[in-house]
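# An overview of the molecular structure
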Amino acid sequence: MTNITRLFDFPYYQLEHKPNNSALVTKYDGKWTPMSTQEYLDKANTISRALLRLGVQKNDKIAIISTTNRTEWNIMDIGILQVGAQNIPIYPTIGAEDYEYVLNHSEAMYCFVSDEEVLEKVNKIKSKTKLKDVYSFNHIESCKNYSELFELGKNESNQSEVEARKDAVKPDDLATIIYTSGTTGKPKGVMLSHWNIASNALDSSKRMPKIENETRVLSFLPVCHVFERVLIYVYQYYGASIYYAEALDKIGDNAKEIKPNLMSVVPRLLEKVFDKIMLKGEDLSGIKKALFFWAVSLGEHWKPYGENGAWYEFKLKIANKLIFSKWREALGGELTTMVSGSAALQPRLARVFGAAKMQVMEGYGLTETSPVVSVGMYRDTHYKVGTVGKPIDNVEVKIADDGEVLIKGPNVMLGYYKDPEKTASVMTDDYFHTGDKGMIDEDGFLKITGRKKEMFKTSGGKYIIPTLLENDLKQSLFIEQVMVIGEGEKMPAAIIQPNFEFIRDWIEHKAHNIGTSEAEITSSELVINRIQKEVDKYNKRFGKWEQIKRFELTPEAWTIEAGHLTPTMKMKRDIIKGIYQNLYDKIYRN
């Protein structure tokens with residue numbers, strides 16, 4: 001095989017060019033269990049034969065809901081796609097009501113779940129859907145196990161039918177419908193073809209660092225999101241070993257065990273890693289503490305390609321030997337590159353991790369663009385802190401007169417499922433309207449400056465771009481989440497969720513005589529005054545009309561489960577404002 005045009009071509013390409021005995025690795029019962037490329041495809045073909053015997057037709061929809069990434073997801077993905085059916089991935093963290101909506105809207109006929117927690121939510125709404133059956137990856141007494149399909153597909157007598165179905169799948173055929181975790185309203189079903197995603201994986205692959213069979217990747221971002229999914233196809237293309245993390249809170253442990261060379265991250269995760277490192281620094285004393293914060297301060301001024309000169313690089317060598325080497329050890333010691341997407345990355349984090357020889361390549365894209373539009377790459381000077389890199393091959397980026405980023409290319413979606421009107425509203429000819437505002441600098445790097453819809457005017461007629469303020473304020477160790485408000489009001493203000501974990505440690509370190517419950521923290525004058533200091537510090541970077549004049553603290557954490565955040569950790573602004581209407585009124589009406 002030389003040409004990849006459909007998603008199931010990736011593992012076949014790997015088998016022919018770069019077969020790997022540890023192509024997919026998942027931890028079962030405390031033991032990392034590898035699966036070879038050959039076994040992966042054998043199992044996928046068995047699943048395909050079983051699906052045909054279940055009566056699955058071309059264009060039927062099959063849902064997968066998995067709490068964590070795991071080998072079974074990939075087997076099902078290829079097994080479904082090569083019979084001409086569509087894989088409908090669903091975020092595990094959304095509520096049962098949303099499960100019901102997505103399963104009904106997509107008309108899914110079968111559903112594969114990972115565990116009891118997901119099964120419980122599906123069972124609540126199963127009777128209101130068209131589901132014929134539900135299968136589980138884990139062994140659950142009350143549910144059919146997906147291993148039953150291996151029995152059903154064991155007989156190879158219908159493999160010729162599988163081959164015929166594969167041959168009939170065209171690059172422009174629908175491969176998947178991904179329901180975006182919209183910040184408002186019901187999720188939209190983004191229709192992506194095989195070539196939408198395959199072309200994006202191939203064009204993105206050129207921006208990756210050197211990847212070989214020996215390369216180990218740690219995967220933990222949800223594979224139901226197209227960002228991680230397209231990277232999985234890229235890793236398969238290069239023949240890397242993909243290790244699936246047990247859970248988000250096990251990333252550190254898993255990294256020490258497998259020593260990854262590469263992983264993808266979202267800024268929020270990187271922020272949390274950095275916060276934990278800083279807390280450990282606070283625990284040090286004397287010369288060790290002084291050296292730690294000297295290294296961090298040095299890192300905050302890092303520039304790529306030795307731009308700071310020989311004296312800076314000499315000091316950085318010392319910082320790496322004494323301090324940053326320990327950071328690398330905590331993540332396995334062999335991590336050289338992280339790919340960041342989904343939200344804006346603080347430049348400070350890009351600099352500090354870059355200084356520590358764990359470069360963060362920030363990218364930009366949307367589900368509707370399969371997703372990659374642009375991404376940084378360290379070689380060939382394709383990297384600049386504070387930008388999302390240069391557009392990848394075959395993807396055209398145009399900045400509209402009002403600053404909106406428009407995208408044209410083979411990666412642009414087929415449209416929104418069952419919603420031609422909404423599709424038409426985001427397309428002008430072949431250009432997709434992203435809703436993001438941005439600019440392309442003199443060197444061809446794309447910089448995203450905010451969301452078109454989120455920009456607002458105060459009553460004085462001044463424009464405010466909340467994301468610029470929010471991204472700066474979130475650099476504070478005291479602030480976990482912040483939403484800038486003030487549309488139509490006399491001044492910008494903020495609703496802030498404190499970083500409760502950090503503040504508890506701060507209270508302990510400083511021996512402050514205040515309570516550590518969330519309610520006690522948010523009502524403490526000491527905490528409020530300390531956060532005011534942080535707000536004052538970041539306010540200095542903005543014009544007087546943009547500065548945060550008042551803020552209120554929320555007495556609980558913002559979570560996906562409580563509805564504050566989307567599954568990709570984006571703020572649901574209208575919902576947050578509704579939840580904290582009392583705080584909003586306190587700022588503007590009292």
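Up top is the structure these notes are about.
This text gives an overview of the structure that appears in the document.

Definitions and limits used
Residues numbered from 1 in each chain as written. Predicted model: local features only at pLDDT ≥ 70, side-chain atom pairs only at ≥ 80, totals over all residues. Heavy atoms only, no water. Pairing = 2+ DSSP bridges. Helix = DSSP H or I, 4+ residues; strand = E, 2+ residues; numbered from the N terminus. Axes fitted to C-alpha atoms, helices over the stretch in contact; angles between N-to-C directions. Buried < 20%, exposed > 50% of the residue type's maximum accessible area, 1.4 Å probe, protein only. Arc of directions from axis to C-beta. Contact = heavy atoms within 4.5 Å. Salt bridge = Lys/Arg side-chain N within 4 Å of Asp/Glu carboxyl O. Phe/Tyr/Trp six-rings, centres within 6.5 Å; stacked < 30°, edge-to-face > 60°. Patch = residues over 30% accessible without salt bridge, like charges linked within 9 Å, V, L, I, M, F, W, Y side chains within 5 Å. Areas by Shrake-Rupley, 256 points an atom, 1.4 Å probe, with all protein chains shown as cover. Core = buried A, V, L, I, M, F, W, Y, C linked by side-chain atoms within 4.5 Å.

This part is about the sheet that holds strand β25 (residues 479-485). The strands making up a sheet are joined through hydrogen bonds of the backbone, oriented either antiparallel or parallel. The 3 strands are arranged β25-β26-β27 in an open sheet whose pairing can be described as mixed. The open sheet has two edge strands with one neighbour each: β25 and β27 (550-553). Looking at each pair of strands side by side, their axes are set apart by 25° on average, direction ignored. The pairing of β25 with strand β26 (residues 493-498) spans 6 bridges and is antiparallel. In the strand pairing of β26, Val484 is matched with Ala494.

Restricting attention to buried positions, one finds in helix α21 (residues 581-588) the residues Leu583, Tyr584, Ile587 and Tyr588. The buried side chains of α21 occupy one side of the element, clustering within an arc of 120° when seen end-on. At its buried positions, α21 is contacted by β25, β26, β27 and α20 (573-579).

Moving on, we get to the pattern of salt bridges. Tallying each qualifying case throughout the model produces 34 salt bridges. Taking the shortest distance from any N to any O, the salt bridge between Asp173 and Lys58 comes out at 3.0 Å. With a gap of 115 residues between them, Asp173 in the loop between α7 (159-168) and β8 (174-179) and Lys58 in the loop between α2 (37-53) and β3 (61-65) connect regions that are remote in the sequence. Given the relative accessible area of 38%, Lys58 is considered partly exposed. Two residues, Glu552 and Arg550, come together in a salt bridge whose shortest N-O distance is 3.6 Å. Using a relative accessible area of 12% as the deciding quantity, one classes Glu552 as buried.

Here we come to α7. A turn of α-helix holds 3.6 residues, and therefore any two residues three or four places apart point the same way. Here α7 has its buried residues at Gln159, Val162, Arg165 and Lys166. All buried residues of α7 fall inside an arc of 115° around its axis, so they share one side. Exposed residues pointing more than 90 degrees away from the buried face of α7 are listed as Ser160 and Asp167. As for α7, its buried residues are in contact with α1 (9-17) and α2.

Applying the stated criterion to the full structure yields 22 aromatic pairs. Geometrically, the ring pair formed by Trp311 and Phe314 is stacked, given 5.6 Å between the ring centres and 20° between the ring planes. Here Phe314 and Trp311 lie together in helix α13 (residues 310-330), a separation of 3 residues that amounts to about one turn. With a relative accessible area of 57%, Trp311 lands in the exposed category. The exposure class of Phe314 is partly exposed, given its relative accessible area of 47%. With centroids separated by 5.8 Å and ring planes inclined at 45°, the aromatic side chains of Tyr378 and Tyr383 adopt a geometry described as tilted.

A word on a nonpolar patch on the surface. A cluster of nonpolar side chains, namely Trp294, Trp311, Phe314, Ile318 and Leu322, defines an oily patch on the protein surface of about 510 Å² accessible area. For the nonpolar patch, the element with the highest residue contribution is α13, accounting for 4 residues.

Before going further, it helps to spend a moment on the nonpolar core. Tyr235, Trp327 and Ile531 are the most contacted members of the largest nonpolar core, which has 150 residues in total. Looking at this core element by element, the count peaks at 9 residues for helix α9 (residues 226-238). If sequence neighbours within four positions are ignored, Ile531 has contacts with Phe478, Ile479, Ile496, Pro498, Ile503, Phe551 and Leu553.

Let us look at unusual backbone geometry. The linkage connecting Ser370 with the following residue, Pro371, adopts the cis geometry, with an omega of -5°. Unusually for a residue other than glycine, Tyr305 sits at a positive phi of about 60°. Residue position: Tyr305 is located in the loop between α12 (286-299) and α13. Here Lys418, not a glycine, exhibits a phi torsion of approximately 60°, which is positive. Here Lys418 is to be found in the loop between β19 (415-416) and α15 (420-425). Residue class for Lys418 comes out partly exposed when judged on its relative accessible area of 46%.

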